[in-house]
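# An overview of the molecular structure
Below, each chain spelled out in residue letters.
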Amino acid sequence: MLFAGIDVGSTTSKCILLRDSEIAASALVDMGIGTAGPKEAYSQALAAAGAGPEDITCCAATGYGRATWKGADLTISELTAHGLGNHFLFPEARTVIDIGGQDAKVIHLDADGRMANFVMNDKCAAGTGRFLEVMANVLRIPIGDLEVLAAQAEHAAPISSTCTVFAESEVISQLASGTPVPDVVAGICASVASRVAALAKRSGVKEQVCMSGGVAQNGGVRRALEQALGVPIAYSPQAQMAGALGAALHAWHRLS
Ligand code: ADP
């Protein structure tokens, strides 16, 4: 039996297919709510599993745009989905730091992977993937290259502004005054980390800590967060898929 989880995000769409508790296929499309992204992610995952829509026993949708996915048998909040997905990836995780395209969440889990409480920043682009996107655009480099550049930094450039628009001006003046690009990139990663660390400290950080969401792929942000929080952070290459995985697990739990 196949179970589908689809995460309709603000910037991306993710789909995971489970054959019972095994991941049978996954797909990620860089287009989120209001686009053909969710449909494309679903079709790609089905094709990768050699299956058709008729093979799906149950489909659960999550993410900011979950209500727009008409093929869902169930819906589940992003917080619950990230809790379930991360508990599957890291059974010992008690704190999940999820940084997506337009928000950041810190989710506390109990030993069974159920959400105990959470804090969230969805009011401001600083401390989210949007901040990195704006800065990558100023630097004219692909977002995926930020990690490698940050690793080459000698001293992270201080970026003190908490507002994305002012921070953008700071980055431009750092570049104009000759600060090496890797130092500027490390400063950008540290800025995201310090915003999210402040959020995490507000709610308390319980080990094991893991990261999910697209920004988790950036080792520069992960390392800066480890420094800011003083704890190691577990990371899986499936980090961006954790919400879709949680939704698929929810569908499986419901119908199995
Ligand atoms: P959403 O579910 O809100 O669409 P995701 O968890 O899919 O968000 O994450 C998307 C965000 O992750 C985007 O802002 C994107 O720029 C960022 N992102 C994707 N890949 C990387 C990367 N390698 N390094 C840093 N940020 C990344």
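Residues numbered from 1 in each chain as written. Predicted model: local features only at pLDDT ≥ 70, side-chain atom pairs only at ≥ 80, totals over all residues. Heavy atoms only, no water.

### Things to note about the layout of surface pockets
As a reminder, the rule being used: Buriedness of a pocket was judged along seven lines, with at least five required to meet protein on both sides within 12 Å; pockets are open sets of points on a 1 Å grid over the protein atoms alone, cavities are sets where a 1.4 Å probe fits but cannot get out, and lining residues have an atom within 4 Å of a point. Grid points are joined across faces, edges and corners, and a volume is the space filled by probe spheres set on the points. Helix numbering and strand numbering both begin at the N terminus, where a helix is a DSSP run of H or I of at least 4 residues and a strand a DSSP run of E of at least 2. Only Asp, Glu, Lys and Arg are considered charged, only Ala, Val, Leu, Ile, Met, Phe, Trp, Tyr, Cys and Pro nonpolar, and every remaining residue, Gly among them, polar. Where each domain starts and ends follows an automatic or database-derived domain assignment.
When its volume is computed, the largest pocket comes out at roughly 640 Å³. Looking at the largest pocket, it is lined by 31 residues, and the ones nearest its centre are Thr11, Gly101, Gly214, Val215 and Gln240. Of all elements in the fold, only helix H2 (78–89), strand E6 (95–99), helix H3 (129–139) and helix H4 (146–151) reach the threshold of two or more residues within the lining of the largest pocket. Examining the composition of the lining of the largest pocket, we find that three residues originate from one element, H3, more than from any other. Along the lines of polarity and charge, the residues of the lining of the largest pocket split into six nonpolar, 16 polar and nine charged. When residues of the lining of the largest pocket are sorted by domain, at least three fall in each of domain 1 (1–78 + 241–256) and domain 2 (91–235). Surrounding the second largest pocket, Ala150, Ala151, Ala153, Ala156, Ala186, Cys189, Ala190, Gly220, Arg223, Ala224 and Gln227 form its lining. Tallied by class, the residues present in the lining of the second largest pocket amount to eight nonpolar, two polar and one charged.

### Remarks on the domain arrangement of the protein chain
For clarity, the cut-off: What makes two residues a contact is simply this: any of their non-hydrogen atoms within 4.5 Å. Here the quantity called buried area is the total loss of accessible area, with a 1.4 Å probe, experienced by two parts when brought into contact, counted for both. The term salt bridge refers to a pairing of a side-chain nitrogen on Lys or Arg with a carboxyl oxygen on Asp or Glu at a separation within 4 Å. As used in this structure description, the phrase polar contact means that two N or O atoms lie within 3.5 Å; if the pair is within protein, one of them must be able to donate a hydrogen and the other to accept it, and residues adjacent in sequence are counted only when both atoms belong to side chains.
Under the domain assignment used here, the protein chain contains domain 1 (1–78 + 241–256) and domain 2 (91–235). One C-alpha centre belongs to domain 1, the other to domain 2; they are set 26 Å apart. The partner domain 2 presents six residues to the five residues of domain 1 that form the contact. Counting the surface lost from both domain 1 and domain 2, the interface buries some 390 Å², and carbon and sulfur atoms represent 53% of this. On the domain 1 side of the contact with domain 2, Ser10, Thr11 and Glu78 bury the most area, a combined 73% of that side's loss. In this structure, the connection of domain 1 to domain 2 is made through one salt bridge. Two residues, Glu78 and Lys105, come together in a salt bridge whose shortest N-O distance is 3.4 Å. Between the two partners, domain 1 and domain 2, sit one residue pair in polar contact (both at pLDDT 80 or more). Residues that form the side of domain 1 that touches domain 2 fall into these classes: two nonpolar, two polar and one charged.

### Quick notes on the pattern of salt bridges
Tallying each qualifying case throughout the model produces eight salt bridges. Among the ionic pairs, Asp98 bridges to Lys105, the shortest N-O distance being 3.1 Å. In this structure, Asp112 engages Arg114 in a salt bridge whose closest nitrogen and oxygen atoms are separated by 3.1 Å.

### Some thoughts on helix H8 (residues 242–255)
Selection rule: What a helix should span is 1.5 Å times the count of its residues minus one. Relative accessible area decides the class of each residue, using a 1.4 Å probe on protein chains only: under 20% of the type maximum gives buried, over 50% gives exposed, and in between gives partly exposed.
If you check H8, its first and last C-alpha atoms are 20 Å apart, about what 14 residues at 1.5 Å a residue would give, namely 20 Å. Extensive coverage of H8 is indicated by the burial of eleven of its 14 residues. Taken as a whole, H8 has its buried residues at Ala242, Gly243, Ala244, Leu245, Gly246, Ala247, Ala248, Leu249, His250, Ala251 and Trp252.

### Focus on the site of the ligand
This is how it is decided: Here a residue counts as near a molecule or strand whenever at least one of its heavy atoms sits within 4 Å of it. In this scheme, a molecule is assigned to a cavity or pocket if more than half of its atoms are within 2 Å of the grid points.
By nearness alone, 19 residues border the ligand, and Ser10, Thr11, Thr12, Lys14 and Glu133 come closest of all. Here an oxygen atom of the ligand and a backbone polar atom of Gly101 are 3.0 Å apart. The backbone of Gly214 places a nitrogen or oxygen atom 2.9 Å from an oxygen atom of the ligand. The site holding the ligand turns out to be the largest pocket. If you tally residues by element for the shell around the ligand, the top one is H3, at four residues. Class assignment for the residues of the shell around the ligand results in three nonpolar, 13 polar and three charged. Of the residues that make up the shell around the ligand, three or more belong to each of domain 1 (1–78 + 241–256) and domain 2 (91–235).

### Overview of helix H7 (residues 219–229)
If you check which residues of H7 are buried, you get Gly219, Gly220, Val221, Arg222, Ala224, Leu225 and Leu229. Close packing links the buried residues of H7 with E6, H3, H4, helix H6 (181–203), strand E9 (209–212) and strand E10 (233–234). Where H7 starts, the residue carrying a side-chain oxygen 2.7 Å from the main-chain nitrogen of Gly220 turns out to be Asn218. At the exit of H7 stands Gly230, carrying a positive phi of roughly 70°.

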